[in-house]
Each structure stands twice: as C-alpha cells, then as structure tokens.
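# Coordinates in review
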Amino acid sequence: MNTEHNTAQIYIAALGLVTMILGLVDILVWIGFTGGIEFGIMEIAGDDFFRWAWGGLVVFLGGALMLSGCRNVGNIQEFSKVLLGAALVWIIAACDIFAMICENIPAGEEAPEFLNSFAGFVGGFAPPYAPAVILLPFTLVIAYFFYAWGFADES
Amino acid sequence: MRARLILASLLMAALLCTTAMAHMPGAAPAPDVELRPIQIYDGNKLVEISIDDLAAYHGKCTGQGPSKCPCVVIGYRAAEAGINALYGDEIPERSDIMIISAYPSMGSLQDFQYITGTGPEMDYKETGTFNLILADGTEITDFSNKNIKKISGNIGPDDCKFTIIRESTGKSIDLALNGDIFPSDYFDLRKKVKITKNATPEESQKFLDEYVALRDAALTKPAWELFKGIDEPPEEEPDVFGGGIFLSIFILFVAAGIIIIRRK
C-alpha cells in the first residue's frame with residue numbers, strides 16, 4: 001500500500017467517525033435527549049422525524065460504511081463501501097440543499113408578496129447548516145479518489 | 001311518578017353538562033393556536049404552564065369546566081409577554097415574579113394566581129406575588145366570584161392594565177391592552193349579558209360574536225399588537241454575505257462536477 005493510500009485511509013477513517021457521531025447526534029436530538037443544538041455554523045434542530053431520525057440514521061450508516069471500508073481503500077471492493085457511505089451523505093445533503101432552495105423561493109409567511117426578494121433568497125443560504133451539508137465538501141474528496149485512483153475506469 | 005323524576009333528573013343533568021362545557025354557551029371553539037408555554041422554576045422543578053393549564057384551572061375554580069374565555073387568554077398573553085420582556089431567555093423562579101393587575105376578571109385573576117402559585121388548590125413549593133389593584137388605586141383582596149363580578153360590572157378597555165415585576169432586580173414592565181381590540185359596545189353588552197342579565201336576544205347574539213372575535217384575536221395576534229408597552233421586534237436583515245458565500249461555493253462545485261463528467 002502506498003503513502004497516498006495510507007493518508008487516505010486515515011482521512012476516511014476520521015471522516016467516517018465524525019459522520020457516524022453526527023448521525024447519532026441527529027437521532028438523539030430528535031429523540032429529545034437535548035434541545036436543538038447550534039454549534040458554530042452547524043445546527044441540529046431535531047424537530048422533524050423524516051429529516052432528523054431517518055436522515056440521521058442514513059448519515060450514521062454512511063459513516064459506518066466509510067469506517068468499514070477504510071482498512072484497505074486500494075481494493076475496489078473495500079473502496080466501494082467507502083463510496084457508498086459518501087453517497088448516503090450526498091443524498092441527505094442534496095435533500096437539505098434542495099429544501100433550502102425551495103424554502104427560499106417564496107417570501108415569508110407574513111409578507112404580502114409571494115416571491116422572495118433576491119437578497120432574501122441569497123440570505124436564506126446563510127449559516128447555520130445541517131451536518132450533512134457541512135460534511136458534503138469533505139466527502140467529495142472520496143469522489144476525487146474514485147477518479148484519481150482509476151476505479152472509475154475499472155468500473 | 002318515578003319515571004317523571006328520572007326524566008327530570010336527566011334533563012337537569014343535560015342542562016348542567018351544557019354549562020360545564022363552556023362559560024359562554026353557543027361560543028365556537030377556540031382556534032387551535034400553538035402558544036409557547038410559560039416556563040418557571042418552582043424550587044428546583046421546571047414547570048411549564050400552557051394556556052390549556054390555565055383554562056383547566058379557571059374551569060376548576062369556577063366549577064364550569066375548562067374554558068379559554070377572553071379574560072383567560074388576555075391574562076396568559078400579558079404574563080407571557082411580560083416575563084419574556086423581563087427575563088428574555090432566562091427561566092424565572094416563581095418566587096421572583098410579581099404581577100399587579102388592574103383588570104378585575106376571574107379569568108385573568110386565576111391565571112395570575114396559577115402563575116404566581118398564590119391560588120387555591122394548587123401544588124407548589126414557592127409563591128410569587130399577585131395583587132389586584134384597580135385603576136383608581138383600590139386594592140381588592142376578596143377574590144370571590146361574587147365580589148369580582150360586582151366590581152367588573154363597570155370596567156372598560158382602560159382597565160386592562162398589568163404590571164409584571166422582576167423582584168430580584170426591581171425591573172418592571174407596564175402592559176396595557178390595546179383598546180382597538182375591543183368593539184366599541186363590548187363592555188356595555190358584556191354588562192347586559194353577564195351582570196345585569198337584561199340583554200335582548202339580538203344583543204346576546206351580538207355579544208357572543210364579539211366575545212368569540214375578541215378571544216380569537218387575543219389568541220392569534222402578536223404581543224406587540226395586543227399590548228402597548230411591547231415593541232415590535234426589528235425585522236432581521238437577510239445575511240446576504242453568508243448566503244452568497246455558500247451559493248458561490250455550491251455553484252462552483254456543481255459547475256466543476258458538470259465539466260468533469262462531460263470531459264470523461
């Protein structure tokens with residue numbers, strides 16, 4: 001195994017662990033262990049079952065898959081687990097971003113107009129973000145490995 | 001004879017049930033509005049007081065069943081707005097809360113007794129302070145239904161004033177119900193229907209409509225529209241910079257992804 005694979009292994013293990021923890025926290029907040037959490041630019045509201053309990057489970061399993069495949073990332077079978085784990089995070093992040101876009105198109109409930117202003121639309125993308133959205137750029141590195149290591153050509 | 005007695009008893013029971021269900025027979029049910037409960041510490045115990053708790057307590061004290069009558073709603077909204085203005089995100093100790101009301105009505109009076117823990121038939125560890133001092137400065141200590149009803153016969157919109165005090169700091173807030181919320185003839189009709197009981201059927205119906213409209217307005221209007229003394233919170237400016245950064249990065253990633261996929 002070369003040095004690049006070793007570094008990637010550590011990176012994926014750390015990312016998998018953080019992803020698992022955040023997925024678990026999503027579920028715990030939804031259950032009611034604590035009220036909504038806001039930490040820096042991250043927010044876990046825990047108010048909706050589908051987003052926080054179900055979405056949290058998907059993120060948790062994504063992290064678990066990354067962890068289970070990180071031992072031998074040079075092997076295509078192991079790497080496919082890592083890629084699948086990242087894809088699970090992408091699904092939840094894409095749902096979150098799509099929800100943000102949809103929420104920002106109409107104006108507020110009390111506003112007389114239907115459509116949001118441009119500033120209101122852009123301002124709606126300001127922090128805080130859900131954990132999956134914050135994890136998204138870090139998981140894109142896995143997509144880079146997929147192409148850089150030639151797995152894309154093999155598949 | 002026995003059959004007649006049974007029939008009479010059934011009729012009486014049916015009549016009692018009707019009065020038990022609502023203080024104002026014929027009034028439409030209150031709209032289902034989510035109001036944040038008032039949170040206070042009673043000793044070390046966190047207590048959440050919702051509008052439903054107050055309606056239930058009012059019903060228990062009057063023996064007429066739970067009721068979200070306008071006075072209960074107004075009392076709750078005043079206490080909630082006052083505590084929120086004085087404590088912000090902090091949760092107050094029950095013993096730190098003092099409420100002075102100039103509004104002699106059983107609904108708001110029992111709200112404040114419940115919140116301060118000074119009412120009868122309550123399970124509490126600590127008590128705050130509640131005083132009923134009329135607009136002319138007279139302090140009322142007899143909180144019996146008969147006495148309050150007698151005093152409330154001549155009230156008007158200017159009597160709906162409340163002072164909430166944070167005793168530990170001495171800070172206080174004066175709240176006066178916005179007079180616009182009351183139709184001009186509301187208190188005259190109220191007196192005829194509820195006190196002197198000489199209203200015509202038309203007047204009773206008109207009062208019922210106004211009663212429902214007042215209760216619904218008190219439940220649904222924001223605090224700064226209900227009370228003088230509460231400022232409307234400033235509208236938050238959208239964070240265009242923060243949102244712009246996110247959108248730029250997102251568009252950049254999407255564009256890069258499209259280019260890479262096309263090249264492949």
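Counting starts from 1 at the beginning of each chain's written sequence and moves along it residue by residue. Chain letters and ligand numbers both follow the written order, the letters beginning at A and the numbers at 1. Under the rules for a predicted model, residues below a pLDDT of 70 receive no local features and side-chain atom pairs below 80 are neither given nor counted, while totals for whole chains, interfaces and linings still include all residues.

## Here we look at the overall build of chain A
In terms of regular secondary structure, chain A is built from six helices and two strands. For chain A, the α and β elements follow one another from N to C terminus as α-β-β-α-α-α-α-α. Counting other C-beta atoms within 10 Å of a residue's C-beta gives its exposure: the residue is buried at 20 or more, exposed at 12 or fewer, and partly exposed in between, where C-beta atoms are placed from the backbone. For chain A, the residues scored as buried account for 33% of the 155 residues in total. Contact criterion: two residues are in contact if their C-beta atoms, reconstructed from the backbone, are within 7 Å. A sequence separation of at least 24 residues applies to 65% of the contacts in chain A between residues at least 6 apart. Per the convention used, a helix needs a DSSP run of H or I reaching at least four residues, while a strand needs a run of E reaching at least two, with both numbered from the N terminus.

## Remarks on the nonpolar core
Membership of the largest hydrophobic core comes to 44 residues, with the highest contact counts inside it found for Ala79(B) and Ile99(B). At nine residues, the largest contribution of residues to this core is made by helix 3 (residues 70-87) of chain B. For Ala79(B), the residues in contact, after removing those within four places along its chain, are Ile38(B), Ile99(B), Asp111(B), Phe112(B), Ile115(B) and Ile164(B). Counting residues in hydrophobic clusters, the runner-up holds 32 residues, among them Leu22(A), Ala93(A), Val133(A) and Leu135(A). Note on terminology: a nonpolar core is any set of buried Ala, Val, Leu, Ile, Met, Phe, Trp, Tyr and Cys residues joined through C-beta atoms within 7 Å.

## Notes on the interface of chain B and chain A
Between chain B and chain A, the contact holds nine residues from the first and nine residues from the second. In terms of residue class, the side of chain B that touches chain A is made up of five nonpolar, three polar and one charged. Residues are grouped as follows: Ala, Val, Leu, Ile, Met, Phe, Trp, Tyr, Cys and Pro are nonpolar; Asp, Glu, Lys and Arg are charged; every other residue, Gly included, is polar.

## A look at the pairing of strand 2 (residues 45-49) of chain B
Residues and elements named next belong to chain B. Burial of strand 2 is sparse: only zero of the five residues sit out of reach of the surface. At least two bridges found by DSSP between two strands is the condition for calling them paired. Note: strand 1 (residues 38-42) against strand 2, five bridges, orientation antiparallel. Within strand 2, the residue paired with isoleucine 40 across the bridge is valine 47. Remark: two residues form the turn of the hairpin made by strand 1 and strand 2, two consecutive strands paired antiparallel; glycine 43 in that turn has positive phi of roughly 70°.

Spatial relationships are all this shows, so hold off on functional conclusions.
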